Amino acid sequence: MSTARTGASRTAHAWTWTYEGYDPERERLREALCTLGNGYFATRGAASETSEGPSHRPGTYAAGCYNRLTSTVAGRRVENEDMVNLPDWLPLRYRVRVEGARPGPWLSPDGPELIEHGQTLDLRHGTLTRRSLYRAAGSGGGRLRVEQRRLVHMGEPHLAAQRTSFTAEGWTGEVEVEAALDGDVRNEGVERYADLANQHLTGWSTGTGPVTGTAAAAAADSGTGRSDTVWLCCRTLNSHVRIALAARTRVSGRGGTASPRNTAPRGGTAPRTETAPRPGTAPRTRLTDRRAVQILTIPVTSGETVVVDKTVALYTSRDPAISGPLTAATEAVRRAPDFPALLASHHRAWREIWPRAALDVPGEAGVILRLHLFHVLQTLSPHTADLDVGVPARGLHGEAYRGHVFWDELFVLPYLNLHFPEVSRALLGYRYRRLPAACRAARDAGRAGAMYPWQSGSDGREESQEFHLNPRSGRWLPDHSRLQHHVGSAVAYNVWQYAQASGDTSFLYGEGAEILIQVARFWADSAVWDPSLERYRVRGVVGPDEYHDAYPDSTAPGLDDNAYTNVTAAWVLTRARELSRALPPSRGQELFESLQLDPAEPERWDDIAHRVHVPYHGGVISQFEGYADLGELDWDRYRARYGDIRRLDRILEAEGDSVNRYKASKQADVLMLGHLFPPRELAGLFRQLGHRLDDESWRATIDYYLPRTSHGSTLSALVSAWVLARARRDEAWAYAEEALVGDVADIQGGTTAEGIHLGAMAGTLDFVQRCLTGLEARDDGLWLDPAPLPQLSKFRVGVRYRDHWDVDLRIRAQRVRVGVPQPAEDPVRVVLGDSESAVVPPGTARWLDLPGRDRRAGRDPGGGRVSRVRARRRR
Ligand code: IFM
């Protein structure tokens, strides 16, 4: 193995992530972490030289582009909808021909010619730069130095580009380059799905040159070979989304010449056209039904650098304001400026975005947070505001969970609300447009209101699989995760949070009210009165802890009275009732009529919101009714035996046992309540339900569940850090650290390679933004209750609070500074630590002293003042 492939390492600076060396074992992880995207589409950071072999999983995904296929698993036919891996625009391979010698082999990081390799992800500018040094075969010690810079344009969401520079060192001859658009791709990014159908594309055609008419005209026009542009179009098999890519490949920096030699195709079917050799810089083309290849042979002398620019446009038939994707794509590459100009405008677009996402945290935590921010913004950018898409749990970075939308948006929207509210609103629009599907699902289940699907894709039907594979046992098992009806409360919660942060009453009273009321109706109709308990009960559900999906030895799936589900349902019912009263009268009447809402319904909501069952055992909240009867797991034994027991469910199933028998959670479930609701609000909710939840009992709950949680989801460490930051500060950092390194260190054992964990990434940003600051954006002002950790005691966040675009918050161990920029008209009212308030006029900043710690823990320390003395005008 060459030195370049050993000792591969990563170094991170404030704005760059650099990987030195080539490590085939970790290449797929790097591909995920070096993904470039713009909210419209994203491309994994795969090598352009090869797509072959187990180390490479190139992938390009357009937000919201799904297709449905049927497979046979465990003797049954199952249907799955996947985010489609689109034709690969990256391929660009090369080889050298030293003067007087035969052509060398095609060069790739997997080959023996590799001497050095490294790559740098530049977060500030949104580029990936790959650097390689190869032996030049037949040159007697000469080398080829290659540098490739790639972008997926943040300003022009349909464009991407790749500049590859070749420098001959110690030899003279030619560099032969083959650039391609490759439509021969499948969804092969996740090994567990290998038994499932994965060919989502069909109906390929390729051609050259610009296209002004229909695809048929384009096809007739193809094959002239006189253009520097090739195109490829195809469609998805069942959803019939038409996809078109066009690529323009040019030599710059030095003229190239077409070579008279033929080159063997890299696979696929035989060439349809082979253009005649000709001088000039336009490449030759070779078109097969699924590949459009451009070939360049570029003379080069020792010490000289030649540059090949590949500019690509991607459109689909889902795009607005186009006559067709093929015309749009060929037109876009025709009009696209050269690489330096594209790079400059791409930089400009990022320069506009970064200030809206201001988050300055010192040290390594800050560097990782910036990477998380980068990937969140690449998945959900300002372009998302124009799309009908939801929050894909694994970003646009891989195929895990098939690009589906879960409750993970609960960890994403609260961050976006305070920076890109228009994006949050669009994401809620995705849910609103699927409200009819959720109402149908509820009706089919014999319930009223809206039952949002646990996994959502194109049209809002339930996309959860019916069977999942346990890779440990090789068995396909029934999947009951669709019983996670709490996802509806997450949607409702996001509606409320968005409205609070943005003040967007037109949304709240409009689409938002409909969502909230229909989710409330679902809970009201799901709650069944139990006279023996004198409580309402919600039966047959699965909570956020996905391990428990049935009672031990029961043949029926589902559990009763999951505490998280019931308490959040009570919250939804309360908000729905409140909102139904607060609506402007005309809108209220309209809504009651259109939803055929009986005026008695809100009364019933209120009753359930006060009397839904929350089970307890031994003084702590039970995760669900009957939890107390489960056995204790011998955690030490399992750790000693298996090491990593995050996927305890799989371990136990492979042993012929079931995790349903044990007090063992995959992820924080009851504790999620402390993530959603600040202590005051949570205590109030429990009071409403007739229970006392004080600091002591909440701490006891945390102490009970943490040691019984395996953290088999990246969300779990985040939620644990969140609740500990308020309840057991000294213990919070260990979990915060785990949440921070979750993806960069791939701590879930290979899952990041299949796509980043977007919820956890955004959740860490929100951890700093809302948990450590105690920030609540309310009608009457910005409420702050900072609880900085010793390891994260100094940071800055800029937030957009309603009409105030750039409220600047600086947290220090003992103080907080609130700055309000000049152009605002109104001052911002700040409420600190529950009682003290200050007013910060536009153009000023104020330092406020933090109240004492004891006070934040719920006891009155008798001290803690808001300092009113340090207000000063901003310069
Ligand atoms: O939504 C999550 C769930 O909470 C844990 N398993 C993965 C899902 C998608 O990220």
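As a starting point, this report considers the structure included with it. Quick caveat, the model's predicted, so the values are computed rather than measured.

## What to know about the sheet that holds strand E4 (residues 41-43)
Part 1 of the argument: Overall, antiparallel pairing links the three strands, which are arranged E3-E4-E5 in an open sheet. Each of the sheet's edge strands pairs with one partner strand only, and the pair in question is strand E3 (36-37) and strand E5 (60-62).

## Observations regarding the site of the ligand
Part 1 of the argument: All residues in the neighbourhood of the ligand are listed as Ala393, Tyr401, Phe406, Trp407, Asp408, Trp454, Glu546, Lys666, Gln667, Ser713 and Leu715.
Part 2 of the argument: Within the side chain of Gln667, an N or O atom sits 2.8 Å from an oxygen atom of the ligand.
Part 3 of the argument: For the ligand, whose accessible area on its own is 280 Å², the fraction buried by protein is 93%.
Part 4 of the argument: For the shell around the ligand, the class distribution of residues is six nonpolar, two polar and three charged.

## Details of the pattern of salt bridges
Part 1 of the argument: One pass over the full model with this rule turns up 63 salt bridges.
Part 2 of the argument: In this structure, Arg291 and Asp182 form a salt bridge, with 3.2 Å as the shortest nitrogen-oxygen distance. A residue pair is termed long-range when its members are at least 10 positions apart, and Arg291 in strand E19 (residues 291-300) and Asp182 in strand E13 (residues 173-182) qualify at 109 residues. The pair Arg291 / Asp182 is uniform in exposure class, with both members buried.
Part 3 of the argument: A salt bridge links Asp808 to Arg810, with the nearest nitrogen and oxygen atoms 2.7 Å apart.
Part 4 of the argument: A relative accessible area of 27% means that Arg810 is categorised as partly exposed.
Part 5 of the argument: If you follow the salt bridges from partner to partner, you end up with Arg68, Glu79, Glu81, Asp459, Arg461 and Glu463 in one network.

## With respect to the nonpolar core
Part 1 of the argument: Within the largest apolar cluster, 204 residues are counted, with the highest numbers of intra-cluster contacts made by Trp407 and Phe767.
Part 2 of the argument: In terms of residues, this core owes the most to one element, helix H10 (residues 505-526), which gives 11 residues.
Part 3 of the argument: Those residues within four positions of Trp407 in sequence are excluded, and the remaining contacts are Trp454, His486, Val487, Ala490, Pro544, Tyr564, Gln667, Met672 and Leu715.
Part 4 of the argument: Formed by 23 residues, the second largest nonpolar core is a distinct cluster that contains Leu92, Leu107, Leu114 and Val306.

## Some details on the environment of Ala490
Part 1 of the argument: Structurally, the position occupied by Ala490 is in helix H9 (residues 486-502).
Part 2 of the argument: Separated by 354 residues in sequence, Ala490 and Ala136 have C-alpha atoms that sit 57 Å apart.
Part 3 of the argument: Setting aside residues up to four positions removed in sequence, Ala490 forms contacts with Trp407 and Leu410.

## Here's the deal with the pairing of strand E9 (residues 114-122)
Part 1 of the argument: Burial of E9 is extensive: eight of the nine residues sit out of reach of the surface.
Part 2 of the argument: In this structure, strand E2 (residues 16-20) lies alongside E9, joined through five bridges in antiparallel fashion. Note on E9: the bridge partner recorded for Glu20 is Gly118.
Part 3 of the argument: Inspection of the sheet shows E9 paired to strand E10 (residues 127-135) by eight bridges, in the antiparallel sense. Bridged to Gly118 within E10 is Arg131.
Part 4 of the argument: In textbook terms, the turn of a hairpin is the stretch between consecutive antiparallel strands, and for E9 and E10 this stretch comprises four residues, one of which, Gly126, has a positive phi near 65°.

Parameters at a glance
Residues numbered from 1 in each chain as written. Predicted model: local features only at pLDDT ≥ 70, side-chain atom pairs only at ≥ 80, totals over all residues. Heavy atoms only, no water. Pairing = 2+ DSSP bridges. Helix = DSSP H or I, 4+ residues; strand = E, 2+ residues; numbered from the N terminus. Near = heavy atom within 4 Å. Polar contact = N/O pair within 3.5 Å; in protein donor to acceptor, adjacent residues only side chain to side chain. Areas by Shrake-Rupley, 256 points an atom, 1.4 Å probe, with all protein chains shown as cover. Nonpolar A, V, L, I, M, F, W, Y, C, P; charged D, E, K, R; others polar. Salt bridge = Lys/Arg side-chain N within 4 Å of Asp/Glu carboxyl O. Buried < 20%, exposed > 50% of the residue type's maximum accessible area, 1.4 Å probe, protein only. Core = buried A, V, L, I, M, F, W, Y, C linked by side-chain atoms within 4.5 Å. Contact = heavy atoms within 4.5 Å.

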